[in-house]
Amino acid sequence: MPTSFTLKSLLGGLALAAASVTWAQQTVPIFGLVELSGTGATSGSNFDNGVKLAVKEINAAGGILGRKINYLSMDTQSNPGVAKALAQKAVDQSAYVVMGPVFSGSIMVSMAETRRAEIPNFTGGEAAAITQQGNPYIFRTSFTQSTAMPKIASYIQNTVKAKSADVIYVNNDFGKGGLDLIKKELEARGVKVTNSISTEPGQIDFSAPVLKAKQSGSDAVFIYSNEEESARALRELRKQGYDKPIIGETVLTSQKVIELAGDAANGAVAHVGLTADAPQPLIRKFSEVFQAEYKVKSDHNGLKGYSGMYIVKAVTEKLGKFDSKAFAAAMKGISLSVKDHPGILLDVSFDANGDLDRESYMTKVENGKQVVSSILPPAGRK
């Protein structure tokens, strides 16, 4: 009897394992390493929701090459060590593609695991160093700082007419990378960086950093931090009566910052790679569907996750097969158009490092809303 029971259990286990393998072969396993808690929760949740919305649409339309996407998002807790462990878990479960993390510090650690396994990894991280490691499997859903900072520096020089500026930045990989590049680009244009003012992730009190900027006599301040901290900086700048131009990159005029900062956000200006307030019809449609699905307006991270998932679909269908290594190779130098792939939202191209190029925007907060003031052409377009 025990022998019969053991045999039945063994056969049952084998049948279950076989069923699992068959299910895996019938679906496309994609894993999200996203900041669903901790300091990156706003960014990660938006990115994750964007991916999930794209997955829902793609599956409803028949999937990719006839196979449905099986998407599983896992919380990195905004912790690089956790992100690394989850990347290994995604590798162990034979991920076709990994989406995230969004935070630069986390992807800098976790992408070593996906690289070893030769699995394509999309990230919303902006730190320039991410794509300077020679990793052939890493691809951005956002501009690199190297693409964005020249545009901001030119705005400060030519539109603001500033001769000097202070930089308030967050002391992490993202912030320090941005500081180095904005200083380089400003100084190359004859704009002196009077103060580089360091702040910490999660910092509550911005009175001292703002006071330093206010007393410096510089013509403008550039803020480069995360959502919550950027909002606190804006509130403190208004509280102390700062009356010079306040400029940022992507985050500063994002929906979450506007919600948190309230009236203090009015007048802030930023260059953004993606915005739900863009005038293009496809982005407007995405914004409406996202808001209907999640009862909240998407920020730039939602668009990154959504368009990134559609890029996965487009490239896989160009290949005509599921092959992670071939996918990564096909990404090098690829150009995709919205005419052929509406889900990518904007025409996009990738270089050999995994950095993207596409249109971007200058925005300003007016009456509590982000307003697009101009559309900038891709950096590579003359």
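As the structure is a prediction and not an experimental result, all values here were calculated from the model. (Residues numbered from 1 in each chain as written. Predicted model: local features only at pLDDT ≥ 70, side-chain atom pairs only at ≥ 80, totals over all residues. Heavy atoms only, no water.)

**Regarding the packing of aromatic side chains**
Definition in use: In summary, the pairing rule links any two rings of Phe, Tyr or Trp, Trp by its six-membered ring, whose centres are within 6.5 Å, and it sorts them by plane angle into stacked for under 30 degrees, edge-to-face for over 60 and tilted for everything else. Working definition: helices are DSSP H or I runs of at least four residues, strands are E runs of at least two. Numbering for both runs from the N terminus. With a 1.4 Å probe rolled over the protein chains alone, any residue whose accessible area is under 20% of its type maximum counts as buried; one over 50% counts as exposed, and the rest are partly exposed. Two limits define a charge over a ring: the Lys NZ or Arg CZ must be within 6 Å of the ring centre, and within 35 degrees of the ring normal.
Per the stated rule, a full pass over the model turns up 10 aromatic pairs. A centroid spacing of 5.6 Å and a plane angle of 40° characterise the contact between F122 and F139, whose relative ring orientation is tilted. Within this pair, whereas F122 is found in strand β4 (residues 121-123), its partner F139 is found in strand β5 (residues 138-140), the two being separated by 17 residues in sequence. Since its relative accessible area comes to 0%, F139 is described here as buried. Here the aromatic rings of F286 and F290 are separated by 5.5 Å at their centres, their planes lie at 45°, and the arrangement is tilted. On the criterion of helical spacing, the pair formed by F286 and F290 is a turn pair, its members being 4 residues apart in helix α10 (residues 281-294). Above the face of the F322 ring, R67 is positioned so that its terminal group lies 4.2 Å from the ring centre.

**Focus on the pairing of strand β6 (residues 164-170)**
Just so we agree on the cut-off: Only when DSSP finds a minimum of two bridges between them are two strands counted as paired. With the strands pointing away from the viewer, any crossover whose connection runs clockwise from the first strand over the helix to the second is right-handed.
Most of β6 sits out of view: 7 of its 7 residues are buried. Burial along β6 is two-sided: the face carrying S164, D166, I168 and V170 and the face carrying A165, V167 and Y169 are both buried. Of the strand pairs in this sheet, β6 and strand β7 (residues 192-199) are connected by 7 bridges, and their pairing is parallel. Within β7, the residue paired with Y169 across the bridge is S198. In this region the chain leaves β6, passes through helix α6 (residues 173-188) and returns to the parallel neighbour β7; the handedness of that crossover is right-handed. With 4 bridges joining them, β6 and strand β8 (residues 221-224) adopt parallel strand pairing. For V167, the partnering residue across the bridge sits in β8 and is F222.

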